[in-house]
Amino acid sequence: DTGGDDTDPEPACADGLTELIMIDSYGDGWNGAELMINGDTYFLGDGAEASTCIGLLDCNTIEWTTGSWDGETSWTLGDLSGAGGSGVVIIRYKFQ
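Residue indices follow the written sequence of each chain, beginning from 1 at its first position. Reporting of local features is limited, given that this is a predicted model, to residues whose pLDDT is at least 70; pairs of side-chain atoms are given and counted only at 80 or more, and all residues count toward the totals for whole chains, interfaces and linings. Derived side-chain values reflect all non-hydrogen atoms in the structure, with water molecules and hydrogen atoms excluded from consideration.

Undergrad: It is not clear to me how the sheet that holds strand β4 (residues 49–55) should be interpreted in this structure. Could you clarify?
TA: Hydrogen bonds between backbone atoms are what pair the strands of a sheet, whose relative direction is either parallel or antiparallel. Whether two strands pair comes down to DSSP finding at least two bridges between them. Each helix corresponds to a stretch of at least 4 residues labelled H or I by DSSP, and each strand to a stretch of at least 2 residues labelled E; elements are numbered beginning at the N terminus. One open sheet holds the four strands; their spatial order is β4-β1-β6-β7, and the pairing between them is antiparallel. The open sheet has two edge strands, β4 and β7 (80–83), and neither has a second partner. In this sheet, neighbouring strand axes are inclined to one another by 15 degrees on average, regardless of whether the strands run parallel or antiparallel. Note on geometry: axes are C-alpha line fits, over the in-contact stretch for helices, and angles between N-to-C directions span 0 to 180 degrees.

See the structure below:
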């Protein structure tokens with residue numbers, strides 16, 4: 001016995017919600033870039049990382065709006081992710 005805790009870690013979000021993780025490799029926020037999910041806007045205003053829990057629909061619309069220094073940006077939402085700025089993109093994704 002190593003004395004460690006064998007329980008699963010607490011989930012980041014409550015049931016029915018999905019964690020959105022926003023990262024900036026330089027640590028100064030997304031410099032005007034925004035991620036819009038189902039009409040709600042998310043951005044990293046300052047710092048290297050932030051997260052929030054969001055409710056998703058059966059079919060979701062995800063849009064990326066470019067800012068300055070998009071090469072520093074990345075995000076993860078469930079099984080989806082984006083990095084390096086991707087221009088204006090609309091993704092329609094059905095979460096299982």
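Undergrad: Looking at this model, I keep getting lost on the nonpolar core. Mind explaining?
TA: Counting 14 residues, the largest nonpolar core has Leu-20, Trp-30, Leu-35, Ile-37, Ile-62, Trp-75 and Leu-77 as its most contacted members. Of all the secondary-structure elements, those providing two or more residues to this core are β1 (17–24), β2 (34–37), β5 (60–65) and β6 (73–77). Put simply, buried Ala, Val, Leu, Ile, Met, Phe, Trp, Tyr and Cys residues joined by side-chain atoms within 4.5 Å make one nonpolar core. Each residue gets one of three labels from its accessible area relative to the maximum for its type: buried under 20%, exposed over 50%, partly exposed in between, using a 1.4 Å probe on protein chains only.

Undergrad: Can you help me understand the pairing of β6 in this one?
TA: Consecutive residues of a regular strand have side chains that alternate between opposite faces of the sheet. In terms of burial, β6 is a largely internal element, four of the five residues being buried. Of the strand pairs in this sheet, β6 and β7 are connected by four bridges, and their pairing is antiparallel. Bridging from a neighbouring strand, Trp-75 pairs with Gly-82 of β7. Between β6 and β7, which pair antiparallel and follow one another directly, the connecting turn spans two residues, one of which, Gly-78, has a positive phi of 60 degrees.

Undergrad: Got a minute to help me understand the state of the cysteines in this structure?
TA: Here, disulfide denotes a covalent bond that connects the sulfur atoms of two cysteines. We call a pair of cysteine sulfur atoms a disulfide when they lie within 2.5 Å. Applying the stated criterion to the full structure yields one disulfide. Shown here is the disulfide that connects Cys-13 with Cys-53, its sulfur atoms set 2.1 Å apart. Looking along the S-S bond of the Cys-13-Cys-53 disulfide, the torsion reads about -90 degrees, which is the left-handed sense. Here Cys-13 is found in the segment before β1, whereas its partner Cys-53 is found in strand β4, with 40 residues between them in sequence. When its relative accessible area of 32% is taken as the criterion, Cys-53 is described as partly exposed.

Undergrad: Can you help me understand unusual backbone geometry in this one?
TA: Glycine aside, residues mostly have negative phi, and peptide bonds are mostly found in the trans state. Although it is not a glycine, Asn-31 sits at a positive phi angle of roughly 50 degrees. Along the chain, the position of Asn-31 falls in the loop between β1 and β2. One non-glycine residue, Trp-69, lies in the positive phi region at around 65 degrees. Position of Trp-69 among the secondary structure elements: in the loop between β5 and β6.

Undergrad: Looking at this model, I keep getting lost on the environment of Gly-47. Mind explaining?
TA: For Gly-47, the location among the structural elements is in the loop between β3 (40–42) and β4. Note on Gly-47: relative accessible area 22%, which makes it partly exposed. Residues Gly-47 and Ser-25, spaced 22 residues apart in sequence, show a C-alpha to C-alpha distance of 9.2 Å. Whether two residues touch is decided by their heavy atoms; if any such pair falls within 4.5 Å, the residues are in contact. Leaving out residues up to four positions away in the same chain, Gly-47 has contacts with Asp-24, Gly-27, Asp-28 and Gly-29.

Undergrad: What is the right way to look at the environment of Thr-18 in this model?
TA: Mapped onto the fold, Thr-18 is located in strand β1. Each C-alpha atom, one on Thr-18 and one on Asp-79, is 9.9 Å from the other, the two residues being 61 residues apart in sequence. Not counting residues within four places of it along the chain, the set of residues in contact with Thr-18 comprises Cys-13, Thr-52, Cys-53, Ile-54, Leu-56, Leu-77 and Gly-78.

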